[in-house]
Amino acid sequence: MKGIVFTEFLDLVEDKFGLEMVDKIINQSNLESNGVYTSVGTYKFSEMLQLLQHLSEHTNISIDDLLLVYAEHFFAVLATSYPGLIDSYKDPIDMLASIENHIHIEVRKIYPDAELPAFKVIEKTDNSLIMIYKSSRSMHYFGLGLMNKTFEHFNSSATIQCEKIKEDGTEVKFIIQKN
Ligand code: HEM
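About the thresholds
One numbering rule holds for all chains: residues counted from 1, following each sequence as written. The model is predicted, so local features are restricted to residues of pLDDT at least 70 and side-chain atom pairs to those at 80 or more, both for listing and for counting; the totals for chains, interfaces and linings are taken over all residues. Hydrogens and waters are ignored; side-chain quantities use all the structure's heavy atoms. Note that the domain bounds were set by an automatic or database domain assignment. The way it works is that DSSP assigns letters per residue, a run of H or I at least four long becomes a helix, a run of E at least two long becomes a strand, and they are numbered from the N terminus. Buried means the residue's accessible area, taken with a 1.4 Å probe over protein chains only, is under 20% of the maximum for its type, while exposed means over 50%, and partly exposed covers the values in between. Lines fitted to the C-alpha atoms define the axes, with helices restricted to the stretch that makes contact. Angles between their N-to-C directions range from 0 to 180 degrees. Throughout this description, any angle smaller than 35 degrees is read as roughly parallel, any larger than 145 degrees as roughly antiparallel, any in the 65 to 115 degree range as roughly perpendicular, and the remainder as oblique. Should the near helix be turned anticlockwise from the far one by less than a right angle, the crossing is termed left-handed; should it be turned clockwise, right-handed. The criterion used for residue contact is that any of the two residues' heavy atoms lie within 4.5 Å. For our purposes a nonpolar core is just a set of buried Ala, Val, Leu, Ile, Met, Phe, Trp, Tyr and Cys residues, chained together by side-chain atoms within 4.5 Å. Basically, the charged four are Asp, Glu, Lys and Arg, the nonpolar ten are Ala, Val, Leu, Ile, Met, Phe, Trp, Tyr, Cys and Pro, and anything else, Gly included, counts as polar. Throughout, the protein atoms alone are placed on a 1 Å grid, and a set of points is a cavity if a 1.4 Å probe fits but cannot get out or a pocket if it is open with protein on both sides within 12 Å along at least five of seven lines; lining residues have an atom within 4 Å of a point. Grid points are joined across faces, edges and corners, and a volume is the space filled by probe spheres set on the points. For Na, K and Ca the donor cutoff is 3.2 Å, while for all other metals N, O and S atoms count as donors only within 2.8 Å; water does not appear among the atoms, so some sites may look incomplete. Strands pair, by our definition, only if DSSP identifies at least two bridges between them.

## What about the domain arrangement of the protein chain?
A common way to express how large an interface is: the accessible area buried when the components associate.
Here is step 1: As assigned here, the protein chain comprises domain 1 (3–61) and domain 2 (91–178).
Here is step 2: One C-alpha centre belongs to domain 1, the other to domain 2; they are set 24 Å apart.

Okay, here's the thing in structure tokens:
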């Protein structure tokens, strides 16, 4: 997992819960990095999981809800860091349908070792999209947060349903309907 995902996460934790919480979750985790991340480095996903688990225990917020809120923050980071990628779209449905064959392909050119999910488009109309998310990291709530913010970015909104195809969340169907 790319360092930018860790650095932005820890910044948000500090912002919402204070520096002591950052120290606490780092100290409670068993981290090869020792909790020192650079945005271009690459670190084990298991480090993110441990940080999320400990934050969830201290805040009584589920890991899924933490990922949802974090993704909403991360969208702003992406929009600032890669404005050209997002600006090449005029419509949120078109943008979401292009994650797999455009957006994440560009991401892979920047970060060849990025661990990206697969999004397979099943059905697309002007106002709706059905996609299947697949990833060993089960970060579909992170995807949901990014999708919510994608609609907001285009001054639009949508109702998004998630249906787990696999119980562990490694395969999830997204049913997206523009409001
Ligand atoms: C992960 C970039 C848009 C879904 C990531 C990562 C980067 C990235 C750098 C982390 C990879 C790693 O840590 O190895 C971008 C950029 C975008 C964009 C630059 C737009 C300009 C989106 C959108 C979605 C999405 C709109 C909506 C569904 C995900 C998910 C992950 C991810 C779910 C977590 C990894 C996983 O589930 O396996 N993306 N992304 N991305 N991205 Fe994107």
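## A short note on unusual backbone geometry
Here is step 1: A positive phi is found at S138, a non-glycine position, where the angle reads about 50°.
Here is step 2: As for its position among the elements, S138 is in the loop between β2 (128–134) and α8 (140–153).
Here is step 3: Under the relative-accessibility criterion, S138 is labelled buried at 18%.
Here is step 4: Located in the positive-phi region is N155, a residue other than glycine, with phi close to 50°.
Here is step 5: Relative to the helices and strands, N155 is located in the loop between α8 and β3 (158–164).

## Notes on the packing of helix α1 (residues 3–17) against helix α3 (residues 45–59)
Here is step 1: Interaxial distance between α1 and α3 falls to 11 Å at its minimum, and their mutual angle equals 15°. It follows that α1 is roughly parallel to α3 by the angle criterion. The crossing of α1 and α3 is left-handed. For the pair α1 and α3, the contacting residues are V5, F6, F9, L10, V13 and F17 in the first and E47, M48, L51, L52, L55 and T59 in the second.

## Quick notes on the nonpolar core
Here is step 1: Counting residues in each nonpolar core, the largest one holds 55 residues, and the members touching the most others are F9, L51, F174 and I176.
Here is step 2: Looking at this core, the element that brings in the most residues is helix α4 (residues 63–81), giving 8 residues.
Here is step 3: Here this core gathers at least three residues from each of two domains, domain 1 (3–61) and domain 2 (91–178).
Here is step 4: Residues in contact with F174, not counting those within four places in the same chain, are F119, L129, I130, M131, Y133, H140, L144, M147, I160, Q161 and C162.

## Regarding the packing of helix α2 (residues 19–28) against α3
Here is step 1: Packing of α2 against α3 brings their axes to within 9 Å, and their N-to-C directions diverge by 125°. The angle between α2 and α3 falls in the class oblique. Judged by the twist between their axes, the crossing of α2 over α3 is right-handed. Taking contact as the criterion, the partners of M21, K24, I25, I26 and Q28 in α2 are, on α3, L51, H54, L55, H58 and T59.
Here is step 2: Broken down by class, the residue content of the contact of α2 with α3 amounts to 5 nonpolar, 4 polar and 1 charged.

## As for empty space enclosed by the protein
Here is step 1: The tally for this structure, following the rule as stated, stands at 1 cavity of 30 Å³ or more.
Here is step 2: Computed from the structure, the largest cavity encloses a volume of approximately 690 Å³.
Here is step 3: Lining of the largest cavity is provided by 31 residues; of these, L78, H104, L116, F142 and L146 occupy positions nearest its centre.
Here is step 4: Every element with two or more residues in the lining of the largest cavity is listed here: α1, α4, α5 (83–87), α6 (92–97), α7 (99–110) and α8.
Here is step 5: Along the lines of polarity and charge, the residues of the lining of the largest cavity split into 24 nonpolar, 4 polar and 3 charged.

## Observations concerning the coordination of the iron atom of the ligand
Here is step 1: Among protein atoms, the single one acting as a donor to the iron atom of the ligand is H104 (NE2), 2.1 Å away.
Here is step 2: Here H104 shows up in helix α7.

## A closer look at the sheet that holds strand β1 (residues 118–124)
Here is step 1: Taken in spatial order, the 4 strands make up an open sheet running β1-β2-β4-β3, and their pairing is antiparallel. Strands with a single pairing partner mark the edges of an open sheet, and in this sheet they are β1 and β3. The sheet shows a mean angle of 20° between the axes of neighbouring strands, direction not considered.

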